[in-house]
Amino acid sequence: MALSLVTVGLLALSACGGSSSNNPSAAGQVTQNARNGTTQGAQQGGTLNMLGAGDVDYMDPNISYYSVGYLALRLWSRQLFTYPAEPGQTETAVPDLATVMPTTTNGGISADGKTYTIHLVQGAKWNTSPARQVTAADVVRGVKRTCNPQQPFGGIPDFAGLIEGYQTFCDGFAKVPTNVSAFRSYIEKTDLPGVAAPNPQTVVFHLTHPATYFVDMLTLTAFSPAPVEQLAYLPASAEQAQHTISDGPYEVKSYNPTKSIQFVRNPAWDAATDPVRHAYVDQVNIDESVSQDSIQQQLQTNTPSADMGFDMAPPPSQVPGLLAKKDPGLDLGPTSSSNPYVVFNMVSPNNGSALQNLQVRQALEYALNRDDMIRVLGGPSLNQSLTHVLPSSIDGSTSIDLYQHDDTKATDLLKQAGYPNGLTLKVLYRNQSQGSSKVFQVIQQDLSKVGIKVTGVPSPDADFYTRYLQVPTVAKRGVWDLAIAGWGADWYGDAALSFFAPLFSGAPSFPPVGSNFGFYDDPQTNKLIEQASTAKTSAESTALWAKADERVMTQAVFFPITNPQQASYHASQVHNAVYVPAFQNFDPANVWLSPDANGN
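Residues numbered from 1 in each chain as written. Predicted model: local features only at pLDDT ≥ 70, side-chain atom pairs only at ≥ 80, totals over all residues. Heavy atoms only, no water.

**Student:** Let's hear about the nonpolar core: which residues, and what values?
**Tutor:** Ranked by size, the top nonpolar core spans 161 residues in total, and within it Phe159, Phe205 and Phe500 carry the most contacts. In terms of residues, this core owes the most to one element, helix α2 (residues 67-76), which gives 7 residues. If we skip the residues at most four places from it in the chain, Phe205 touches Leu80, Lys114, Thr115, Tyr116, Ile118, Val139, Val143, Gly194, Val195, Phe214, Leu218 and Phe223. Residues Leu51, Ile295, Val319 and Leu330 belong to the second largest nonpolar core, which totals 15 residues. (Core = buried A, V, L, I, M, F, W, Y, C linked by side-chain atoms within 4.5 Å. Buried < 20%, exposed > 50% of the residue type's maximum accessible area, 1.4 Å probe, protein only. Helix = DSSP H or I, 4+ residues; strand = E, 2+ residues; numbered from the N terminus. Contact = heavy atoms within 4.5 Å.)

Structure (structure tokens):
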């Protein structure tokens, strides 16, 4: 998921999350109250006001790979399959634009498991003039757009080798001049064998090998249909962001990057075609210019212009108090994430390229104190300690703890590596987030004890990925050495691939195509990922993912911290607030407001 909402105040890469981890007893009571969403007595109308401190990554379904981007897309973009705002079912994919879940029985999945046939609902329309039907050709176009060389989708390593001919198509796209005419010509004239539209309402995917998780993968917005009008703009351009076309219940009335987004009803949307979004409110206003503390204060005091958070969760320091008084506006939801984690920039030229040295990276593993980080993120009752790649809810997760905190070992390793006098490292963090700022302070304190000086590289939330981590030249210039990022599962259960392929699979996962921000490339790890992703049995794949996990940790590629519960908060006038792990927030397309406080 792409990017995800980190712990109780950060935002991460990967847009998905979710796990079966248990809440503490007090939190469990709050969660039960907040999640028992109901449509009984639901009220239509009003304006939902959401407050945030940052922005979406891209206003483009085929490119966005960030939980906050996914949250906004929920309002105006539909997918083939998605996760419903139904208590107890938020991690189970259901049809959205598809008519049914494909199975071998209904002919949706071939006997060999390598062909998926998806039928689209009649009546789902674009808000063009006149409105027109969403078609299979739109789906093919959308999948082709994902690997455009201007700004590709960050989760491409998940399916680059799975969809027949996709990698070849993308390799060809990479050679196309960066202009609208060339992009459009390539997309329209170049065949993608693995995605076909035999008729207007049927799309067929051809896979290179069976993948039981493929329907879950199709919940990714990368597989969203794209109207032909989008070919008139370069992907991720400012012009494209101002010319969105909606097939969801709302349309973008205005978008002022890093400042505000306003959604109004889409007249082309037919509720009868959409089983997922009730769209009770008439309008959604997002203010992206509010601080984290101010957001929480306004929500708790029921300020008329404050209903839900957008990209900011309650500050970590306030969550224990909210739990203690069993505040009904608070929800703690599972994330299936490594969030936050500290990534090591292995291409940084700083300190004589010190981070290329395994002993230096291992020294960092021993020097950093996970317990102190968890404490500032809200404590162990909210944050399950994570000492390796895969959270406990993901198949293949095995307990691995190679680096228990030890300053003496860290100092000795630095000496052996040729750095007896320490280093100076730059740490990239989000200064608008209390959690990220506090983790940075812990890193600074921990590393100072072993002779490492730390300087901060503060970043606004809106720039953290798009202007830093997703830009290879920034890492290679040594703008940062360590970064406090985050990652969540792109789907659930059988989802180890969505951690290893985008984060650790060598050159194919380097940004901007992937999210391997530290530029880790290890032939042994790459081989294990390939073997695990093509294993014929779940037992075989689970064992291989565990080996890959151990290999990554042996190589000291990053410092995992926690698989947290996500804190979300809403004002008292908000009803049917159901936490959806894929957004790591409540689903704004399904809440309704008290008639006497509905923003009108």
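**Student:** Which residues make up the pattern of salt bridges, and what are the values?
**Tutor:** Within the structure shown, the criterion is met by 14 salt bridges. Where Glu188 meets Arg184, a salt bridge forms, and the shortest distance between an N and an O atom there is 3.2 Å. Taken together, the residues Glu188 and Arg184, both in helix α5 (residues 180-189) and 4 residues apart, mark about one turn of the helix. For Glu188, a relative accessible area of 45% gives the class partly exposed. Note on Arg184: relative accessible area 32%, which makes it partly exposed. The shortest N-O distance in the salt bridge between Arg265 and Asp282 comes to 2.9 Å. You can see Arg265 sitting in strand β12 (residues 260-265) and its partner Asp282 sitting in the loop between β12 and β13 (283-287), a full 17 residues away along the chain. Ionic contacts of the salt-bridge type, sharing partners, join the residues Arg78, Asp96, Asp274 and Arg277 into one network. (Salt bridge = Lys/Arg side-chain N within 4 Å of Asp/Glu carboxyl O.)

**Student:** Please give an account of the environment of Leu51 that cites residues and values.
**Tutor:** Turning to its location among the elements, Leu51 is positioned in strand β3 (residues 47-51). Spatially, the C-alpha atom of Leu51 lies 4.9 Å from that of Gly309, the residues being 258 residues apart in sequence. Beyond its immediate stretch of four places on either side in the chain, Leu51 contacts Asp287, Val290, Ile295, Gln298, Ser305, Ala306, Met308, Gly309, Phe310 and Asp311.

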